[in-house]
Amino acid sequence: MSAKTAAVTTNRLEPALLLTPAILVMLACGVVPFGFVAFYAVHDTFAGNDFLFVGLQWFKQVLTSSDFHWAMLRSLGFSLLALAIQIPLGLYIALRMPRSGMLASVLVVSMAIPLLTPTLVVGYLWKVLALPNTGLLTAVFALAGLSLDMNSKIWTWIMLLLMDTWHWTSLVVLLAYAGLKAIPDDYYRAARIDAASAWSVFRYIQLPKLKLVLAIAAILRFMDSLVIYAETYVVTRGGPGVSTTFLSHELVQTATIQFDLGEGSAMAVIYFFIVLAVALLFFRQVTNAERQA
Amino acid sequence: MTRSRHIAPIAYVLFLMVPLYWLITMGFKTNGEIAGQLTLWPHDPTLQHFAVIFTDRAWWMGYVHASLYVSLNVIISVSVAIPAAYAFARHDFPGKRPLFFGFLLFRMMAPVILLVPFVQLSLDTGLFDTHIGVALAHCFFNVPVAVWILEGFISAVPREIDESAKIDGYGFMRFFIRLLIPAIAPGIAVTAFFCFMFSWVEYLLANALTAVEAKPIAGIMTRAGGVLFGDYGMLAAASVLGFIPGVLCVLLVRKHLVRGFSMGRVS
């Protein structure tokens, strides 16, 4: 289309045209694939050719399966623990960051490195750190008089949480740091005039301004840790026993190893509804936070 | 302000760096040394593992494949996201909020949900084991990221540039290319960085959608991990090389990184 018509027929046609490429890509690479998942979730298949509508049978099967319940509980538990550690830790580190200067740049760049590490590499890294006898982490634990035993469920969980904290806390730090930098100096000046304590500066200036970025950090961390896959699988293979078999492992196992297309897809749809619920909650929070800001 | 105030972030960065130091030194250790006992630095340094990676096509092509699909993904994601982000930032239209929410929803969806249809679709369309196939699959989470960040950057550009372009008789394309894109150049760099990051670290889809012709390094490592059973020197060396592109990108966009993390909302 010519540039002229865009300018004339503004406000209806223009946004539609601007959005078309992105929407087409999202339809092809997101909506259509998800349509397939939804279709598989209510059909049974024989050799992938004939599909028989089976209603909610797969959902009943998944929702009554104790393997699924436990995998779900483990995933939720892992996510919540990860959030409980990483959000306060990330916030604290961000508050202690220098506002600018050389040190700040070095810290920011260093912090970004774990975020750029392929998930599989993170897994290998922590696997070698926790090798018995020769692993550095094992040695550090031994120095502290502890024995890092990867056959113990508790130690395995501690180790995976440590790995996830290493991998992702920077995201919280950098988001919170960016939020802090957005607070105008005037606020701090006013606080100094009022001789406000560090706590009240945090409570009444920084925290309210950080609401939005902390909500973003929390949602990103929650969603990503809920479906953690490669890192933990490399380190533990889901064990010991099934103690670190998470939702995504259960799903991949069902859909690609047992070839239970319907059951795997039903899990994916259930997972989608969890995402939808959390996303809606988050979107309301963000809308409120933006209105207040 | 004294340095001691910043102890927490410094200690945290040390905690981040120690495992990396371990990985790097391990890449230079012989397997005998790795298996033998704990050593804090390579006592008998060797380039053997790196030599294998650089001379064996099966290994080094893994980096080429990953770089190719990541680059394709960044190009697609950023170029479809710029106009969309402009529409979200500057226009009011019916269904704007639900649509924006719809985009974000896909960012929150995990690759694992779409694994099965992606494998099926890529086989049906002949995109299996191609770079573009993986690049397109990664769009479902990267296009929303790109729209989200760019929307912030465009919103921060004063509306006056749109007005003055109209007054000066700029056509839409000319305005876009001559004025808007230069005005949000740091935003585009940061967006490209984020898309790079999410595509580079993704493993599940990249591995499942490829076999030989587009197998990323992570997939090759998995295969080697089984075959080489316990060849930690190789895995460490391959991992170290897997870091390098990320580090280079961070250094390139370091000035705008913080602003990127605020989705363009901090100047």
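Just so it is clear, the structure is predicted and the values come from calculations on it, not from any experiment.

Novice: Sorry, what's going on with the overall build of chain B here?
Specialist: When its secondary structure is counted, chain B shows 14 helices and zero strands. For chain B, the C-alpha atoms occupy an extent of roughly 75 × 60 × 30 Å along the three principal directions. Across the 267 residues in chain B, those meeting the buried criterion constitute 51%. Across chain B, contacts joining residues at least 24 apart in sequence account for 79% of those joining residues at least 6 apart.

Novice: In this structure, what is going on with the overall build of chain A? I would like to understand it.
Specialist: Helix and strand counts for chain A stand at 13 helices and two strands. Seen along its three principal axes, the alpha-carbon backbone of chain A occupies a region of about 75 × 75 × 35 Å. Restricting the contact set of chain A to residue pairs at least 6 apart, pairs at least 24 apart contribute 71%.

Novice: Explain the packing of helix α6 (residues 119-129) of chain A against helix α1 (residues 7-27) of chain B to me, please; I cannot follow it from the model alone.
Specialist: Two numbers describe a pair of packed helices, the interaxial angle and the distance between the axes. In contact at an axis separation of 10 Å, α6 of chain A and α1 of chain B are set at 85° when each is read in the N-to-C sense. Relative to α1 of chain B, α6 of chain A is oriented roughly perpendicular. Within the contact between the two elements, α6 of chain A uses L125, V128 and L129 of chain A and α1 of chain B uses P19, W22, L23 and M26 of chain B.

Novice: What exactly am I supposed to notice about helix α12 (residues 247-257) of chain A here?
Specialist: Given 3.6 residues per turn, any residue in an α-helix points the same way as the ones three and four places further on. Looking only at α12 of chain A, the buried set comprises L247, S248, H249, E250, L251, T254 and A255 of chain A. Where α12 of chain A ends, the next residue or the one after it, F259 of chain A, has phi of about 55°, a positive value.

Novice: Explain α1 of chain B here, please?
Specialist: The end-to-end C-alpha separation of α1 of chain B is 30 Å, in line with the 30 Å expected for 21 residues at 1.5 Å each. Of the positions making up α1 of chain B, those classed as buried are P9, Y12, V13, P19, L23, M26 and G27 of chain B.

Novice: Help me out: how do you make sense of the confidence of the model for chain A in this one?
Specialist: Low-pLDDT stretches of the model should not have their predicted coordinates read in fine detail. In this model, chain A carries a mean pLDDT of 86, and residues with pLDDT of at least 70 account for 94%. This stretch, residues 1-9 of chain A, has a pLDDT under 50; its non-local contacts, to residues over four places away or in other chains, come to 11 contacts.

Novice: Explain the environment of V112 of chain B here, please?
Specialist: With respect to the element layout, V112 of chain B can be found in helix α6 (residues 111-125). Exposure remark for V112 of chain B: the 24 C-beta atoms within 10 Å place this residue in the buried category. In sequence terms V112 of chain B and T39 of chain B are 73 residues apart; their C-alpha atoms lie 39 Å from each other. Residue contacts for V112 of chain B: discarding those within four places in its chain leaves V227, Y229, S248, L251 and V252 of chain A together with L204 of chain B.

Novice: What exactly am I supposed to notice about unusual backbone geometry here?
Specialist: Only a minority of non-glycine residues have a phi that is not negative, and only a minority of peptide bonds are not trans. The omega torsion across G239 of chain A and P240 of chain A is 0°, close enough to zero to call that bond cis. Counting through the fold element by element, P240 of chain A comes out in the loop between α11 (230-236) and α12. Residue R237 of chain A is not a glycine yet carries a positive backbone phi of 55°. Of note, R237 of chain A is situated in the loop between α11 and α12. With a phi angle near 65°, D129 of chain B is a residue other than glycine that sits in the positive phi range. Within the fold, D129 of chain B resides in the loop between α6 and α7 (131-155). D129 of chain B sits in the partly exposed class, given 17 other C-beta atoms within 10 Å.

Novice: Hey, could you run me through the nonpolar core in this one?
Specialist: What tends to happen in soluble globular proteins is that the nonpolar side chains get buried as a cluster. L174, L175 and A176 of chain A together with A81, A84, V147 and L150 of chain B are the most contacted members of the largest nonpolar core, which totals 173 residues. Discounting chain neighbours no more than four positions away, the residues touching L174 of chain A are V108 and M111 of chain A together with V258 and F261 of chain B.

Novice: Honestly, the confidence of the model for chain B in this entry has me stumped. Any pointers?
Specialist: Residue and element names in this part refer to chain B. Across chain B, the average pLDDT comes to 88, with 95% of residues at 70 or higher. Across chain B, the element-wise mean pLDDT spans from 76 in helix α12 (residues 217-227) up to 95 in helix α4 (residues 57-90). This prediction of the complex comes with two scores: 0.88 for pTM and 0.89 for ipTM.

Novice: Please clarify how the environment of S248 of chain A should be interpreted in this entry.
Specialist: Looking at where S248 of chain A falls in the secondary structure, it is placed in helix α12. C-beta crowding within 10 Å serves as the criterion here: with 25 such atoms nearby, S248 of chain A is assigned to the buried category. With 21 residues separating them in the primary sequence, S248 of chain A and V227 of chain A have C-alpha atoms 5.3 Å apart. Aside from chain neighbours lying at most four places away, what touches S248 of chain A is V227, I228 and Y229 of chain A together with A110 and V112 of chain B.

Novice: Even after reading the chapter, I still don't get the packing of α4 of chain B against α7 of chain B, so can you show me in this structure?
Specialist: All names here are of chain B. Running from N to C, α4 and α7 cross one another at 40°; their axes reach a closest spacing of 6 Å. In the crossing of α4 with α7, the sense of the turn from one axis to the other is right-handed. Looking at the contact of α4 with α7, its residues break down into 22 nonpolar, seven polar and one charged.

About the thresholds
Residues numbered from 1 in each chain as written. Chains lettered and ligands numbered in written order. Predicted model: local features only at pLDDT ≥ 70, side-chain atom pairs only at ≥ 80, totals over all residues. Helix = DSSP H or I, 4+ residues; strand = E, 2+ residues; numbered from the N terminus. Buried ≥ 20, exposed ≤ 12 C-beta atoms within 10 Å, placed from the backbone. Contact = placed C-beta atoms within 7 Å. Axes fitted to C-alpha atoms, helices over the stretch in contact; angles between N-to-C directions. Parallel < 35°, antiparallel > 145°, perpendicular 65-115°, else oblique. Expected span 1.5 Å × (residues − 1). pLDDT = per-residue confidence, 0-100. Core = buried A, V, L, I, M, F, W, Y, C linked by C-beta atoms within 7 Å. Left-handed = near helix turned anticlockwise from the far one by under 90°. Nonpolar A, V, L, I, M, F, W, Y, C, P; charged D, E, K, R; others polar.

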